[in-house]
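Close look at the chain arrangement
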Amino acid sequence: MNLLNTIKGLLLPLAAATLLITACGSKPAQPASAGTLSVNPSSLSVADAATTETLTVTADCDWGVAASDKEWCTVSPSGGVAGTTPVTVKIAENKTYDTRSNVITFRYGSDSKTVEVSQTGKEKPAPPVAPEDMVTPEGYQLDWNDEFDLEDGSLPDANKWRFESKPAGWVNNELQTYVAGGRNGVRTAFVEDGVLNIRAIKEGKDIISARMYSKKSWTYGYMEAAIWLPKGKGTWPAYWMMPDDFSRGWPGCGEIDIMEEVGYHANYTSSSIHCASYNHKNNTQKTHEQLTAGAEDGYHIYALEWTPEALNFYVDRKLHFTFLNDKKGNDDTWPFNKNFYLILNLAWGGDWGGNQGVDESALPCTMKVAYVRVFKKK
């Protein structure tokens, strides 16, 4: 019995020491490593123009990548494996004036890393300045005008203008839908920096724009407007007149086109008249087209002097086209002896504007009007 107790006394300390050594030499179980990943550069800041950038990814594991807003920022490839991989980032043009941001997220295992993308908006042009102070033609006096001196964001003065609302295809096979100043928060006519903006823009599946009529009409006078034309194949801006009396229908009622331009023939502006005897359906319209250099890059002054004797058309106060009254008293050749109202509109596509196709990358596009003035003989 004494021998057994002695043996136990020797074994117990040895067992305790063995357990202590075992406990000190072992480590608790660790989760599997997610790996490492780095991206260079760690952020992107680009200008408004469309661009392609490259991110260099270095990793010791598999990974995936995606942009939060794929409408204007895409990445390729969508993932990779251990090693060094270039990632192409394509950024679309920012056609707005506002800076926009995006997040590119790399995921590897349970971890992630982000790259912030910032793109500036287009440079906002300086507030447009009216081409010059009011110049009253000799022998005339101001009868009506709109200088668009309203708060930014305002609709045009409802006491002076009314809107047309018509679906696409309503006239000339044009593609735009005319809405009264805008739809669903997307504006087609508004005042900014003292200038009327008429805008064609994609809204949902539609292209919407504005067509405005003056509430006042005139027989004879000097009608003048300062206009900055939009750019892009598909645009068809116009400043023109139609009669209150439409009983004869078109073209018998008459039409006076003070200024028109189509985007595929940029900076060439035209003036025309239409009536029963002279109209574009019969290819007999009376018209004159000329190069108006810089028409899409700044304001030019388009005017009509309308008297019982003639219709005289001006660009920057230089006469370029005259249509004379033949004095036959025939409405087929001279229906221009009754009240006509003014029209401002921006069409998209159609028989003339879309004659060589349209380019939707030009949208949104804007026709700017600094003023409209009507003078009457004293």
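Note on numbering: residues in each chain are counted from 1, in written sequence order. Residue-level local features of this predicted model are given only where pLDDT is at least 70; pairs of side-chain atoms are given and counted only at 80 or more, and the full residue set underlies all totals for whole chains, interfaces and linings. With hydrogens and water stripped out, all remaining heavy atoms of the structure feed into the side-chain values.

1. Digging into the overall build of the protein chain
Only DSSP runs of H or I covering at least 4 residues are called helices, and only runs of E covering at least 2 are called strands; the numbering of each starts at the N terminus. A tally of regular secondary structure across the protein chain gives two helices and 28 strands. Any two residues having at least one pair of non-hydrogen atoms within 4.5 Å are treated as being in contact. Pairs at least 24 apart in sequence give 66% of the contacts found in the protein chain among residues at least 6 apart. In this description, accessible areas are obtained by the Shrake-Rupley approach with a 1.4 Å probe, and a residue is regarded as covered only by the protein chains that are shown. Working note: accessible area of the protein chain is about 19000 Å², and carbon and sulfur atoms make up 51% of it.

2. Section: the environment of Tyr299
Mapped onto the fold, Tyr299 is located in the loop between strand S23 (286-291) and strand S24 (300-306). Between buried and exposed lies partly exposed: a residue is buried under 20% and exposed over 50% of the maximum accessible area for its type, with that area taken using a 1.4 Å probe on protein chains only. The class of Tyr299 is buried, set by a relative accessible area of 16%.

3. Structural notes on the environment of Gly354
Turning to its location among the elements, Gly354 is positioned in the loop between helix H2 (350-353) and strand S28 (365-377). The spacing of Gly354 and Asn172 is 182 residues in sequence and 10.0 Å in space, taken between C-alpha atoms.

4. Here we look at the pattern of salt bridges
Pairing between side chains of opposite charge can happen when the charged atoms of each approach one another. One speaks of a salt bridge when a side-chain nitrogen belonging to Lys or Arg is within 4 Å of a carboxyl oxygen belonging to Asp or Glu. All told, the structure shown has twelve salt bridges when counted by the stated rule. Between Lys231 and Asp297 there is a salt bridge; the shortest N-O distance is 2.8 Å. Note that Lys231 is positioned in the loop between strand S19 (221-228) and strand S20 (235-243) and Asp297 in the loop between S23 and S24, a separation of 66 residues in sequence. A relative accessible area of 47% means that Lys231 is categorised as partly exposed. For Asp297, a relative accessible area of 48% puts it in the partly exposed group. A salt bridge links Arg248 to Asp332, with the shortest nitrogen-to-oxygen separation between them at 2.6 Å. Of this pair, Arg248 sits in the loop between S20 and strand S21 (255-260) while Asp332 sits in the loop between strand S26 (318-324) and strand S27 (340-348), and the two are 84 residues apart along the sequence.

5. Concerning the packing of aromatic side chains
Only Phe, Tyr and Trp rings take part, Trp by its six-membered ring, and two of them pair if their centres are within 6.5 Å. Stacked means planes under 30 degrees apart, edge-to-face means over 60, and tilted covers everything else. Summed over the entire model, instances satisfying the criterion amount to 17 aromatic pairs. Ring centres of Phe323 and Phe336 lie 6.3 Å apart, and the angle between their planes is 85°; this geometry places the pair in the edge-to-face category. Separated by 13 residues along the polypeptide, Phe323 in strand S26 and Phe336 in the loop between S26 and S27 bring together distant segments of the chain. On the basis of relative accessibility, which here comes to 7%, the residue Phe323 falls in the buried class. Connected via pairs of aromatic rings, a cluster forms that spans Tyr220, Tyr278, Trp306, Phe323, Trp334, Phe336 and Phe340. In this analysis the charged atom, NZ for Lys or CZ for Arg, is taken to sit over a ring once it is within 6 Å of the ring centre and within 35 degrees of the ring normal. In this structure, Lys166 is placed above the aromatic ring of Trp170, and the distance from its NZ or CZ to the ring centre is 5.2 Å. A cation over an aromatic ring shows up here: Arg373 above the ring of Tyr371, its NZ or CZ 3.4 Å from the ring centre.

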